[in-house]
Structure formats: structure tokens, C-alpha cells
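Now for the letters of each chain:
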Amino acid sequence: MRGHDRINSILPDELILEIFRHLDSKSSRDACSLVCKRWLDLERLSRDTIRIGASGSPDALVKLLARRFVNVTNVHIDERLSVFLPVQYGRRRGGDQSTVSPFKLHYLPEKSGSEDGEVVSYYLSDAGLTAVGEGFTKLEKLSLIWCSNVTSVGLKSIAEKCRSLRSLDLQGCYVGDQGLAAIGECCKQLEDLNLRFCEGLTDTGLVELAMGCGKALKSLGVAACAKITDVSLEAVGSHCRVLETLSLDSEFIHNKGVLAVAKGCRLLKVLKLQCINVTDEALQAVGIFCLSLELLALYSFQRFTDKSLCAIGKGCKKLKNLTLSDCYFLSDKGLEAVAAGCSELTHLEVNGCHNIGTSGLESIGRSCTHLSELALLYCQKIGNCALSEVGRGCKYLKALHLVDCSSIGDDAICSIAEGCRNLKKLHIRRCYEVGNKGIIAVGENCKFLTDLSLRFCDRVGDEALIAIGQGCSLHHLNVSGCHQIGDVGIIAIARGCPQLSYLDLRVLLNLGDMAMVELGEGCLLLKDIVLSHCRQITDVGLSHLVKKCTLLESCHMVYCPGITSAGVATVISSCVNIKKVLVEKYKVSQRTKRRAGSIISYLCVDL
């Protein structure tokens, strides 16, 4: 009733705080904070996560946020993002107070050497990081992404003030050994540490950290750190006995370091390696000692053979997820060993392993009956029989990705469709032997399919999409480069898939306005559409589409000669939720440009 507050007079603070915690978005919480002063204060108390950019004037913003949100436990600062500061801040040079509206701070004039000696840093500095430590004393998770001005001085302050820190991400930060050593000395509860692209670190810092807080460390990531060698990994193996996740990307790591980890960290569950100097000896040790391993990802290995996978298959019986990328010396024998020993495997990706062929994958199909996701990329030797075996044995398969597999055709897809009826995602790209027959089988058998991508599959035409429209309720569809698809196929999708939200139709040369009309009538939930290189679509069809699809957020339409500046204006004026339009610059009138602002992205084309 007007004039009567039926909520604040009844509900206690604790209950309102609990309601705020269940709000699913920042915008919803912000809206609630504007209802009344009490809700504003309570919302500030309930906020546990702060995410800001680090270009602009982040030091000042951090100090202000620390005063307002006292219960924050998670701070994420990314120098690639811009800062928004919709609060009263700073002084003009004349001394007047000014309110900065919420636009990007890097447009503000730089202050340096002002009357009161105030200097504004346009990137997060050690002073800002010190403010984080002093202001967010309950901090448990800190991410500093590409904050290049932060040094060991600021990291020391964090270590001294935030002793409950559990997760630290320093990706791209040029911090030194002293800062990392301070973290090891003070943050005894640290469990998760990411040191990717921390070029200023050496073995000294990581060894001291391992000695200091290694007992609690569960996850460690190291990449492109040229001065971190096997010495660091030996310390990790000695002191980080509960380590569960290790990600290494380095040409300076050899067998000695991985061996130390394998022997010392026997609870290891996740291992990702991109280390060109690691050989069979290290992987065999993993198979012997890391019996709890659940995920193994091997990238760009050129110095190990099937012996490694045989050891993994023999020892790591709990393995569920295996990625093999550009491992040139692996063959069917290695994959057969994994299939024989790792029957719990649920995810398998084989990418560019040119010596793995049909028999290796056949063994996976026969033995790994719980397989739910399979990705085969650039596997020229894997043929139809392999996927036929997968179709017969892997009834729980939900996702299949095929890229440039020239020996896989319709027979394989038919087998998958008939055997894997729980399939939800099917992505096929440049598999030129796949045509209508296979996709029709998918439409007839895979009733749960929601995500279909058939990029540059030349033999797929309208007949296939008719079957998909009749049998599946798609949310995502990509048929870019399928030249045989025209209005008939897309009309079938429009009539049969009302839940469609993403549609990529680029380079469909036979597609015209009739399909756009039907999409406008049938796919009212459409949010993203790509029409680039569709030469027969005109302003008329585009108008029918956007006037009905009011939820549209992005529209790409470059190299569409039938779409003019009038069509672009129609998109901007009709779609209230539009966030991105990609089009040639010459097709945007000055009026549309003023109205759209930053929504439009241009492809520069010389006329």
C-alpha cells in the first residue's frame, strides 16, 4: 500500500541479506541497492566479489571500493578492462569538486604534479595493491591479470595484510622473487597459484614459496617463465605433497622436474604439459606414481612415444579426460593401451596426431562405454569403422567434434546417430564426405540435439536441414559455407526450431529474403545472427527479420550487396537490445552513426 513499508518493518537484516545473496546478477543487486538507504547499506555488506579494470585510475577506485564493501573476499583486477568510476572523485585544477559520470576513466586528463602533490596512476600500482591489502582484510581470492606495474613491493603488502589468501592469479605480472617469497612466508592457506607469463620470477622465488606454504598448495600453473627450471619442480615435489593440479608450459623443464613431481605429488589429479624436452621417462613415472590422475593433457610433444601412454593405461585407472595434441609419435598402440586400462574415460580429444588411426579409436569405442565427449581434429587416418564402433559402444556420448577428418563420411555419422541417441552437440567442419544422408539420420534419431555446426560441409543441403527441423529443437545452428543450403532448408529450421538463439549463415549464396521472413516469424528468441557474404539478402528480408526478433543482440552483415544504409538503420532502430553490428563503414549514415554509437563495428572496404 502506498505510504506503508510492508518489507522493512517486518523483515530482519539477516533475511534481506540472504535474499541479496540469491540474486543472480550484479545489475539486479545494484537495482536493489537503490530502493532505500537501508537496502543500500545491506547490499554493501552482502557484496563479496569485486571485478574492475586496471586502466584508467584504479588506485583511487580500489581505495573507494574498500571503504564501501567491507566483506569482500574475492578481488579480480584485469588491466585489459577499463575502469568505471560513477562517484565523486578528485578535484578540478581550479579546486572545484567534480562528479565523474560513469564513462571510461582513461578519457580523463592526466594529473601530475598538481598543487596538493596528488599523482594519478593510470594503471594499478603498488600503492593500489597496498590499498587492496589494507582495505580487503578478509581477502581469500586475488586475481591480477596483466597488471604490469605491480612489483614485489605491492605483493609483499598483500602477503602481510591478507593472511587468509587461498587463491592468487598473477598472470602477466612482472613480480619478482621477493614478493613470491613473502606470499610463501605469510599465506599459509594458499591453495591455488597461477604464474603464467610471470617473466620476472626465477627458481629462487618459487622454491621459497613451496617451502613456505607448500603444505596447502593444491593447484599450480607455470607458463613462459624462462628462469623457472627443474629446480623449482624439485621443490614442489618435496614440499607440495597435496598438489592436485599442475599445468606446465615451458621449454626449460626437463624430465628431472616432472619426475620429482610425479614421485612427490602422488595425489595429482590434473596434469597439463607442453614441455618439448620431456620424454617417455617422465610420463612413465606419472603412470607409476600418480594413480589418482583423472585428467591428462599433452600438447606439442615430439619426444615421447607409445611407451608413455602404455604406462598411463597401466597405472592411471581413474583417468577420465585425455587430450593429445600434435603428438606425432603416438600411434594406435598407445590409444589401445589407454582403452584397455582406463575404462572410466569420459572425454577424449585427438588433435593432429597423424599416426593415430582407425584401430586405436575402435578400441576406445569397445572399452570406454562411458565416453560422453569425443573430439577428432585433423585426423586423416581415422575412418568410418572407428566411429561405427563408437556408435555401438558409447551410448552416453553427448558431444562430437570433427574437424578436417577426410576419411569420415555419412556411414560414420549414421552409426553415431543410431547408437548415440543422447547426442546434444554435433560440430563438423570441413569433412567433405559428410552429406545429407548422415545429417538426416541425426535428425531422425537424436531428439535431444540442441547445438549443430556444419561448417563448410559442401555435400549438406536443404534435405538435411528439413530432417533436423522436424526432429530436433536446436538452440545453436552454424551452416556457414554449406553452399547447397538455401531458403528451403532455413525455412524448415525456422518452423521447427522456435528455441533458436544463435544462427550463422555466412557464405550461403543461395539464401534469400524468404528465409529471413520465416526466421522473423518462427525464431523470436534469436539473439545472434551472421549473414555475411549472403549476396541475395536485401533490406526487405532484413526488415522482416529484425522487426519480429526483438531480442536480437548482434548482427554481422558484411559483403551483403543487397543490404544498404537503410537496412543498417532498420537494424539499429528496431532492435532495442542490439549490442554489436558488423558492417562496411560506407553503409552507415551519419544519423545512424549518432544513434548507434559504439554498437557498430566497421569493416573498412575501399570503394
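Residues numbered from 1 in each chain as written. Predicted model: local features only at pLDDT ≥ 70, side-chain atom pairs only at ≥ 80, totals over all residues. Heavy atoms only, no water.

### So, the UniProt feature "domain: F-box" (unreviewed entry) in the chain
UniProt's entry tags residues 11-52 with the feature "domain: F-box" (unreviewed entry), counted in the numbering of this structure. Annotated as residues 11-52, this span is 64% helix and 10% strand, and its ends, taken at the C-alpha atoms, are 32 Å apart. (UniProt positions renumbered as here; feature names shortened; annotations may be inferred. Helix = DSSP H or I, 4+ residues; strand = E, 2+ residues; numbered from the N terminus.)

### Looking at the pairing of strand β12 (residues 321-325)
Across the five residues that make up β12, a large majority, four, are buried. As paired elements, strand β11 (residues 295-299) and β12 share five bridges and run parallel to each other. Bridging from a neighbouring strand, Tyr-299 pairs with Ser-325 of β12. One crossover worth recording links β11 to the parallel β12 by way of helix α12 (residues 306-315), and it is right-handed. In terms of strand pairing, β12 meets strand β13 (residues 347-351) through five bridges, oriented parallel. Considered in β13, the bridge of Thr-323 is made with Glu-349. (Buried < 20%, exposed > 50% of the residue type's maximum accessible area, 1.4 Å probe, protein only. Pairing = 2+ DSSP bridges. Right-handed = clockwise from strand over helix to strand, strands pointing away.)

### Quick look at the side chain of Asp-410
Its place among the elements puts Asp-410 in helix α16 (residues 410-419). A polar side-chain atom of Asp-410 sits 3.2 Å from the main-chain amide nitrogen of Gly-438. Excluding its chain neighbours within four sequence positions, the residues that come into contact with Asp-410 are Glu-433, Val-434, Gly-435, Asn-436, Lys-437, Gly-438 and Arg-459. (Polar contact = N/O pair within 3.5 Å; in protein donor to acceptor, adjacent residues only side chain to side chain. Contact = heavy atoms within 4.5 Å.)

### Topic: α12
Burial within α12 is extensive, with seven of its 10 residues counted as buried. Taken as a whole, α12 has its buried residues at Asp-306, Ser-308, Leu-309, Ala-311, Ile-312, Gly-313 and Gly-315. Close packing links the buried residues of α12 with α11 (280-289), β11, β12 and α13 (332-341).

### Describing the pairing of strand β16 (residues 425-429)
Burial along β16 is one-sided: the residues Leu-426 and Ile-428 are buried and none of Lys-425, His-427 and Arg-429 is. Between strand β15 (residues 399-403) and its parallel partner β16, the chain crosses via α16, and the hand of that crossover is right-handed. Pairing of β16 with strand β17 (residues 451-455) involves five bridges; the strand directions are parallel. Counterpart to Arg-429 in the pairing with β17 is Arg-455.

### Overview of the packing of aromatic side chains
For the coordinates displayed, the defined rule picks out two aromatic pairs. Each ring, one from Phe-20 and one from Trp-39, has its centre 5.8 Å from the other, and the planes form 80°; the classification is edge-to-face. Separated by 19 residues along the polypeptide, Phe-20 in helix α1 (residues 13-21) and Trp-39 in helix α3 (residues 37-46) bring together distant segments of the chain. Like Trp-39, Phe-20 is buried. Here Lys-585 stacks its cationic end above the ring of Tyr-602, 5.7 Å away from the centre of that ring. (Phe/Tyr/Trp six-rings, centres within 6.5 Å; stacked < 30°, edge-to-face > 60°. Lys NZ or Arg CZ within 6 Å of the ring centre and 35° of its normal.)

### Some words on the nonpolar core
Judged by nonpolar contacts, the single largest core of 180 residues is most densely connected at Leu-376, Leu-505 and Met-557. With sequence-adjacent residues up to four places away left out, Leu-505 is seen in contact with Val-479, Ile-490, Leu-511, Met-516, Leu-519, Val-530, Leu-531 and Cys-534. Ile-16, Leu-17, Cys-32 and Trp-39 belong to the second-largest nonpolar core, a separate cluster that totals six residues. (Core = buried A, V, L, I, M, F, W, Y, C linked by side-chain atoms within 4.5 Å.)

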